[in-house]
Amino acid sequence: MQIRNLLPTDYPAVAAIYQQAIDDGNITLAMKTSTWEDWDADHLPNLRFVLEEEGLVLAWVALSPVLQRTGYQGVAELSVYVDQAAQGRGLGPQLMDFIIGESERQCIWTILSFIFPENVRSIKLHEKFGFRILGTQEKAAQLRGVWRDNTIMERRSKQLI
Ligand SMILES: CC(C)(COP(=O)(O)OP(=O)(O)OC[C@H]1O[C@@H](n2cnc3c(N)ncnc32)[C@H](O)[C@@H]1OP(=O)(O)O)[C@@H](O)C(=O)NCCC(=O)NCCS
(Lines give C-alpha, C1' and ligand atoms only; values in the text may rest on other atoms or scores of the structure.)
Protein backbone atom coordinates (compact mmCIF):
# COMPACT_ATOMS: atom_id res chain seq x y z
CA MET A 1 0.00 0.00 0.00
CA GLN A 2 1.32 3.45 -0.89
CA ILE A 3 0.20 7.06 -0.98
CA ARG A 4 1.44 8.91 -4.05
CA ASN A 5 0.64 11.93 -6.22
CA LEU A 6 -2.63 11.76 -8.14
CA LEU A 7 -1.89 11.54 -11.88
CA PRO A 8 -4.19 12.23 -14.84
CA THR A 9 -4.23 8.48 -15.53
CA ASP A 10 -5.75 7.89 -12.05
CA TYR A 11 -8.76 10.03 -12.85
CA PRO A 12 -11.13 7.26 -14.06
CA ALA A 13 -10.65 5.46 -10.71
CA VAL A 14 -10.92 8.73 -8.76
CA ALA A 15 -14.15 9.64 -10.56
CA ALA A 16 -15.59 6.13 -10.03
CA ILE A 17 -15.03 6.46 -6.26
CA TYR A 18 -16.64 9.90 -6.32
CA GLN A 19 -19.61 8.50 -8.25
CA GLN A 20 -20.30 6.17 -5.29
CA ALA A 21 -20.62 9.25 -3.07
CA ILE A 22 -22.94 10.95 -5.58
CA ASP A 23 -25.13 7.84 -5.66
CA ASP A 24 -25.25 7.75 -1.84
CA GLY A 25 -27.25 11.02 -1.77
CA ASN A 26 -25.98 12.17 1.64
CA ILE A 27 -22.39 13.13 0.86
CA THR A 28 -22.12 15.71 -1.92
CA LEU A 29 -24.22 18.24 -3.83
CA ALA A 30 -22.65 17.12 -7.10
CA MET A 31 -24.98 15.35 -9.52
CA LYS A 32 -22.25 14.02 -11.79
CA THR A 33 -18.49 13.68 -11.89
CA SER A 34 -16.38 16.39 -13.59
CA THR A 35 -14.22 16.01 -16.65
CA TRP A 36 -10.52 15.63 -15.86
CA GLU A 37 -9.91 19.17 -17.18
CA ASP A 38 -12.46 20.70 -14.78
CA TRP A 39 -11.30 18.58 -11.83
CA ASP A 40 -7.69 19.48 -12.55
CA ALA A 41 -8.52 23.21 -12.66
CA ASP A 42 -10.47 23.02 -9.38
CA HIS A 43 -7.82 21.30 -7.21
CA LEU A 44 -4.39 22.42 -6.05
CA PRO A 45 -1.76 20.76 -8.27
CA ASN A 46 0.61 19.74 -5.45
CA LEU A 47 -1.99 18.66 -2.91
CA ARG A 48 -3.76 15.70 -4.51
CA PHE A 49 -2.93 12.11 -3.64
CA VAL A 50 -4.19 8.56 -4.13
CA LEU A 51 -3.83 5.54 -1.91
CA GLU A 52 -2.95 2.55 -4.03
CA GLU A 53 -2.83 -1.15 -3.16
CA GLU A 54 -1.54 -3.75 -5.61
CA GLY A 55 -1.96 -1.30 -8.50
CA LEU A 56 -5.55 -0.37 -7.58
CA VAL A 57 -6.59 3.10 -6.47
CA LEU A 58 -8.67 2.59 -3.30
CA ALA A 59 -8.98 6.18 -2.07
CA TRP A 60 -8.05 9.77 -2.84
CA VAL A 61 -7.65 13.08 -1.07
CA ALA A 62 -7.25 16.61 -2.45
CA LEU A 63 -7.38 20.27 -1.50
CA SER A 64 -9.05 23.05 -3.51
CA PRO A 65 -8.76 26.82 -3.15
CA VAL A 66 -11.70 28.33 -1.23
CA LEU A 67 -11.36 32.05 -1.95
CA GLN A 68 -9.60 33.44 -5.01
CA ARG A 69 -9.09 36.83 -3.33
CA THR A 70 -5.57 37.99 -2.56
CA GLY A 71 -4.37 36.89 0.87
CA TYR A 72 -6.37 33.68 1.18
CA GLN A 73 -3.87 31.37 -0.53
CA GLY A 74 -3.39 29.42 2.72
CA VAL A 75 -7.05 28.45 3.01
CA ALA A 76 -8.19 25.27 1.24
CA GLU A 77 -11.12 22.86 1.16
CA LEU A 78 -10.61 19.15 1.75
CA SER A 79 -12.09 16.24 -0.21
CA VAL A 80 -11.47 12.67 0.97
CA TYR A 81 -13.09 9.64 -0.59
CA VAL A 82 -12.55 5.93 0.01
CA ASP A 83 -13.93 3.19 -2.27
CA GLN A 84 -16.96 1.67 -0.52
CA ALA A 85 -15.36 -1.76 -0.65
CA ALA A 86 -12.32 -0.46 1.23
CA GLN A 87 -14.05 1.68 3.89
CA GLY A 88 -13.60 0.89 7.58
CA ARG A 89 -9.95 -0.16 7.16
CA GLY A 90 -8.40 3.11 8.26
CA LEU A 91 -7.53 4.34 4.76
CA GLY A 92 -9.41 7.62 5.25
CA PRO A 93 -7.42 8.36 8.43
CA GLN A 94 -4.13 7.55 6.63
CA LEU A 95 -4.95 10.04 3.89
CA MET A 96 -6.09 12.68 6.38
CA ASP A 97 -2.84 12.36 8.27
CA PHE A 98 -0.81 12.54 5.05
CA ILE A 99 -2.51 15.57 3.52
CA ILE A 100 -2.45 17.52 6.79
CA GLY A 101 1.33 17.05 6.94
CA GLU A 102 1.79 17.95 3.27
CA SER A 103 -0.53 20.95 3.53
CA GLU A 104 1.51 22.39 6.41
CA ARG A 105 4.71 21.90 4.43
CA GLN A 106 3.05 23.84 1.61
CA CYS A 107 1.91 26.70 3.88
CA ILE A 108 -1.81 25.94 4.04
CA TRP A 109 -2.85 27.37 7.42
CA THR A 110 -6.56 26.53 7.37
CA ILE A 111 -8.36 23.49 5.98
CA LEU A 112 -12.14 23.68 5.64
CA SER A 113 -14.67 20.93 5.01
CA PHE A 114 -18.32 21.35 4.10
CA ILE A 115 -20.18 18.25 5.30
CA PHE A 116 -23.84 17.27 5.35
CA PRO A 117 -24.83 16.86 9.03
CA GLU A 118 -26.14 13.39 8.09
CA ASN A 119 -22.57 12.31 7.25
CA VAL A 120 -21.73 11.52 10.87
CA ARG A 121 -18.88 9.25 9.83
CA SER A 122 -17.09 12.08 8.06
CA ILE A 123 -17.72 14.54 10.92
CA LYS A 124 -16.22 12.04 13.42
CA LEU A 125 -13.23 11.49 11.16
CA HIS A 126 -12.60 15.23 10.92
CA GLU A 127 -12.91 15.66 14.71
CA LYS A 128 -10.32 12.94 15.16
CA PHE A 129 -7.88 15.06 13.12
CA GLY A 130 -8.37 18.28 15.04
CA PHE A 131 -11.17 19.87 13.03
CA ARG A 132 -13.85 21.76 14.91
CA ILE A 133 -17.39 22.60 13.86
CA LEU A 134 -17.69 26.30 12.98
CA GLY A 135 -21.43 26.03 12.52
CA THR A 136 -24.16 24.61 10.37
CA GLN A 137 -25.64 26.61 7.50
CA GLU A 138 -29.32 25.80 7.28
CA LYS A 139 -30.69 25.18 3.80
CA ALA A 140 -27.31 25.90 2.24
CA ALA A 141 -28.23 24.50 -1.17
CA GLN A 142 -30.66 22.20 -2.92
CA LEU A 143 -29.97 18.63 -3.93
CA ARG A 144 -32.58 17.08 -6.22
CA GLY A 145 -35.06 19.78 -5.15
CA VAL A 146 -34.52 19.28 -1.38
CA TRP A 147 -32.85 21.96 0.77
CA ARG A 148 -29.80 20.57 2.57
CA ASP A 149 -27.85 21.88 5.55
CA ASN A 150 -24.05 22.15 5.55
CA THR A 151 -21.83 21.67 8.58
CA ILE A 152 -18.64 23.70 8.16
CA MET A 153 -15.54 22.26 9.84
CA GLU A 154 -12.14 23.86 10.13
CA ARG A 155 -8.62 22.78 11.08
CA ARG A 156 -6.05 25.47 11.75
CA SER A 157 -2.38 24.56 11.60
CA LYS A 158 -0.70 24.83 14.97
CA GLN A 159 2.65 25.02 13.19
CA LEU A 160 1.77 27.96 10.96
CA ILE A 161 -0.53 30.05 13.13
C1 LIG B 1 -15.55 9.13 5.67
C2 LIG B 1 -14.45 8.21 5.09
C3 LIG B 1 -13.46 9.07 4.34
C4 LIG B 1 -13.75 7.52 6.27
O5 LIG B 1 -12.71 6.70 5.75
P6 LIG B 1 -12.56 5.17 6.23
O7 LIG B 1 -11.31 4.65 5.67
O8 LIG B 1 -13.80 4.44 5.89
O9 LIG B 1 -12.41 5.41 7.79
P10 LIG B 1 -12.60 4.34 8.97
O11 LIG B 1 -13.86 3.60 8.88
O12 LIG B 1 -11.39 3.55 9.05
O13 LIG B 1 -12.86 5.26 10.24
C14 LIG B 1 -12.24 6.45 10.58
C15 LIG B 1 -12.95 7.08 11.76
O16 LIG B 1 -14.27 7.49 11.33
C17 LIG B 1 -15.18 7.28 12.39
N18 LIG B 1 -16.17 6.27 11.97
C19 LIG B 1 -15.97 5.18 11.21
N20 LIG B 1 -17.14 4.54 11.02
C21 LIG B 1 -18.09 5.26 11.64
C22 LIG B 1 -19.51 5.14 11.76
N23 LIG B 1 -20.15 4.13 11.18
N24 LIG B 1 -20.18 6.08 12.46
C25 LIG B 1 -19.52 7.10 13.03
N26 LIG B 1 -18.18 7.26 12.93
C27 LIG B 1 -17.48 6.36 12.25
C28 LIG B 1 -14.38 6.87 13.55
O29 LIG B 1 -13.94 8.02 14.27
C30 LIG B 1 -13.21 6.17 12.92
O31 LIG B 1 -12.15 6.13 13.78
P32 LIG B 1 -11.93 4.78 14.66
O33 LIG B 1 -11.58 3.69 13.71
O34 LIG B 1 -10.81 5.16 15.57
O35 LIG B 1 -13.22 4.55 15.37
C36 LIG B 1 -15.01 7.11 4.17
O37 LIG B 1 -15.92 6.34 4.88
C38 LIG B 1 -15.66 7.65 2.91
O39 LIG B 1 -15.01 7.77 1.88
N40 LIG B 1 -16.97 7.96 2.96
C41 LIG B 1 -17.69 8.45 1.81
C42 LIG B 1 -17.14 9.76 1.31
C43 LIG B 1 -17.20 10.86 2.36
O44 LIG B 1 -18.12 10.96 3.14
N45 LIG B 1 -16.18 11.72 2.29
C46 LIG B 1 -16.11 12.90 3.12
C47 LIG B 1 -16.89 13.97 2.44
S48 LIG B 1 -16.97 15.40 3.45
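Up top you'll find the structure we're talking about.
In this text, all values refer to a predicted model and were calculated from it rather than measured experimentally.

K.L.:
Requested: an account of the side chain of Ser64, with residues and values cited.
P.N.:
Relative to the helices and strands, Ser64 resides in strand E3 (residues 56–65). Not counting chain neighbours up to four residues away, the residues in contact with Ser64 comprise Asp42, His43, Leu44, Val75, Ala76 and Glu77.

K.L.:
Residues and numbers for unusual backbone geometry, please.
P.N.:
Its identity is not glycine, yet Cys107 carries a phi of approximately 65°, on the positive side. Among the structural elements, Cys107 can be located in the loop between helix H3 (91–105) and strand E5 (110–115). Given a relative accessible area of 49%, Cys107 falls into the partly exposed group. One non-glycine residue with positive phi stands out, namely Arg144, at about 50°. In this structure, Arg144 sits in the loop between strand E6 (132–143) and strand E7 (146–156).

K.L.:
Pulling in residues and values, what's your account of the site of the ligand?
P.N.:
The environment of the ligand is made up of 18 residues, and the closest members are Val80, Val82, Gly92, Asn119 and Lys128. The contact in question runs from a nitrogen atom of the ligand to an N or O atom on the backbone of Val80, over 2.8 Å. Asn119 places a polar side-chain atom, nitrogen or oxygen, 2.8 Å from an oxygen atom of the ligand. For the ligand, the protein covers 72% of the area, taking 930 Å² as the surface of the free molecule. Secondary structure elements with two or more residues in the shell around the ligand: strand E4 (75–82), H3 and helix H4 (120–128). Counting residues per element, the shell around the ligand draws most heavily on H4, which supplies 5 residues. For the shell around the ligand, a count of residues per class yields 8 nonpolar, 6 polar and 4 charged.

What counts and how
Residues numbered from 1 in each chain as written. Predicted model: local features only at pLDDT ≥ 70, side-chain atom pairs only at ≥ 80, totals over all residues. Heavy atoms only, no water. Helix = DSSP H or I, 4+ residues; strand = E, 2+ residues; numbered from the N terminus. Contact = heavy atoms within 4.5 Å. Buried < 20%, exposed > 50% of the residue type's maximum accessible area, 1.4 Å probe, protein only. Near = heavy atom within 4 Å. Polar contact = N/O pair within 3.5 Å; in protein donor to acceptor, adjacent residues only side chain to side chain. Areas by Shrake-Rupley, 256 points an atom, 1.4 Å probe, with all protein chains shown as cover. Nonpolar A, V, L, I, M, F, W, Y, C, P; charged D, E, K, R; others polar.

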